[in-house]
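Structural overview
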Amino acid sequence: MELDNIAVRCPDCGLKFMTRQVREFVDTGLRNSELRQHIGEVTPCYEPYAICTCPSCGRADWSSAFDAVFEECALFQARTTPHLQYRAAALRAAQKERNYYDSGIFYLHAAWCADDGGAVLQSKEYRRLAIEVFQRSLSDVSCPLDSRIDVEYLIGELLRRIGQFEACRSHFASIIGHLPPNYAVMARKLMRLADLQNSDLVAFDTAA
Ligand SMILES: [Zn+2]
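Residues numbered from 1 in each chain as written. Predicted model: local features only at pLDDT ≥ 70, side-chain atom pairs only at ≥ 80, totals over all residues.

**Digging into the overall build of the protein chain**
Within the protein chain, the secondary structure is distributed over six helices and five strands. Its helices and strands in sequence order give the protein chain the pattern β-β-β-β-β-α-α-α-α-α-α, from N to C terminus. Taken against the 2.2 N^0.38 rule, which gives 17 Å for 208 residues, the C-alpha radius of gyration of the protein chain at 18 Å falls within 12% of a compact globule. With the C-alpha coordinates aligned to their principal axes, the bounding extent of the protein chain is approximately 55 × 35 × 30 Å. Going through the 208 residues of the protein chain one by one, you find that 36% of them count as buried. (Helix = DSSP H or I, 4+ residues; strand = E, 2+ residues; numbered from the N terminus. Rg over C-alpha atoms; globule rule 2.2 N^0.38 Å. Buried ≥ 20, exposed ≤ 12 C-beta atoms within 10 Å, placed from the backbone.)

See the structure below:
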């Protein structure tokens, strides 16, 4: 993966600093059951480079939230472990922005980065927190309309992934009637896995 050093400005404190960003995102359209991009056994792992933390005020956010500036800077972005940066961004989204949808997406990315780093306990906790804020995002107005299906689906899948098989099944049973056909196929597959008490990640494969 090719990375570029890009200078950015923090929208909160105005500090300019260097970041490392992925030169080009290639989306194959293939997803795993948590909707993370994957290709067969390979996960591209862009996520650690999509998060950025200001080395002065500590704002953690998508790299794209920091505007590029065209100059060289001496300071570099904070080198905090990616899952902890996503956790900080998730807390900020919930507490400061009151955006529980954004918070859930950040917790989900935190879980993936924790998986990549072998941080098993943290990844389970991030999934639990993602479920909590995603549920809130459906009852307030923070979940965008075109993301509601993804969020409803993800709540069920994350329940299975953390071993709450009964809750996974009853969640999917309550929403499967209004899911689009491809999500409904996946929901039925995940309910069968929950019956077997299987919490493994699988492909998002909508062949019945
Ligand atoms: Zn800052």
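**Some points on the domain arrangement of the protein chain**
How big an interface is tends to be expressed through the accessible area that disappears when the partners come together. Looking at the assigned domains, one finds that the protein chain contains domain 1 (3–68) and domain 2 (82–195). For domain 1 versus domain 2, the separation of C-alpha centres amounts to 20 Å. Tallying the contact residues gives eleven residues for domain 1 and 16 residues for domain 2. Contributions of two or more residues to the side of domain 1 that touches domain 2 are made by β3 (51–53) and β4 (60–62). (Domains from an automatic or database assignment. Contact = placed C-beta atoms within 7 Å.)

**Some details on the pairing of strand β2 (residues 16–22)**
It is a general feature of regular strands that their side chains alternate between the two faces of the sheet. Burial along β2 is one-sided: the face carrying F17, T19 and Q21 is buried and the face carrying K16, M18, R20 and V22 is not. By the bridge criterion, seven bridges tie strand β1 (residues 3–9) to β2 in an arrangement that is antiparallel. By the bridge assignment for β2, V8 is matched with F17. Counting the residues that bridge the hairpin from β1 to β2 gives six residues, and of these G14 lies at a positive phi of roughly 85°. (Pairing = 2+ DSSP bridges.)

**Let's talk about the sheet that holds β2**
What the three strands build is an open sheet, ordered β2-β1-β5; its pairing is antiparallel. Of all strands in the sheet, those bounded by a partner on one side alone are β2 and β5 (67–68).

**Looking at the nonpolar core**
Judged by nonpolar contacts, the single largest core of 46 residues is most densely connected at A89, A90, F106, Y107, A110, A111 and A130. Of all elements in the fold, only β3, α1 (82–95), α2 (100–116), α3 (120–139), α4 (148–161), α5 (165–175) and α6 (181–195) reach the threshold of two or more residues within this core. No other element matches the eleven residues that α2 contributes to this core. Two domains share this core, each providing at least three of its residues, namely domain 1 (3–68) and domain 2 (82–195). Excluding residues that lie within four positions of it along the chain, A130 makes contacts with G104, Y107, L108, A111 and L158. (Core = buried A, V, L, I, M, F, W, Y, C linked by C-beta atoms within 7 Å.)

**Regarding α2**
Residues three or four positions apart in an α-helix share a direction because the helix packs 3.6 residues into each turn. The end-to-end C-alpha separation of α2 is 24 Å, in line with the 24 Å expected for 17 residues at 1.5 Å each. Taking burial as the measure, the 17 residues of α2 include 16 buried ones, the bulk of the element. (Expected span 1.5 Å × (residues − 1).)

**Concerning the packing of α2 against α3**
Contact geometry of α2 with α3 gives a least axis separation of 8 Å together with a crossing angle of 165°. Of the possible angle classes, the one that applies to α2 and α3 is roughly antiparallel. By crossing handedness, the relation of α2 to α3 is classed as left-handed. For the pair formed by α2 and α3, the contact residues are Y100, Y101, S103, G104, Y107, L108, A110, A111, A114 and D115 on the first element and Q122, S123, Y126, R127, L129, A130, V133, F134, R136 and S137 on the second. Of the residues belonging to the contact of α2 with α3, the class tally is twelve nonpolar, five polar and three charged. (Axes fitted to C-alpha atoms, helices over the stretch in contact; angles between N-to-C directions. Parallel < 35°, antiparallel > 145°, perpendicular 65-115°, else oblique. Left-handed = near helix turned anticlockwise from the far one by under 90°. Nonpolar A, V, L, I, M, F, W, Y, C, P; charged D, E, K, R; others polar.)

**Examining the pairing of β1**
Sheet topology places β1 next to β5; two bridges connect them, and they run antiparallel. The partner of R9 across the bridge, within β5, is D67.

**Observations regarding α4**
Helix length check: α4, at 14 residues, gives a terminal C-alpha distance of 20 Å against a target of 20 Å (1.5 Å per residue), a fit within 8%. Counting buried residues in α4 gives eleven out of 14 residues, a clear majority hidden from the surface. The complete set of buried residues in α4 reads V151, E152, Y153, L154, I155, G156, E157, L158, L159, R160 and R161. Tucked inside the fold, the buried residues of α4 contact α2, α3, α5 and α6.

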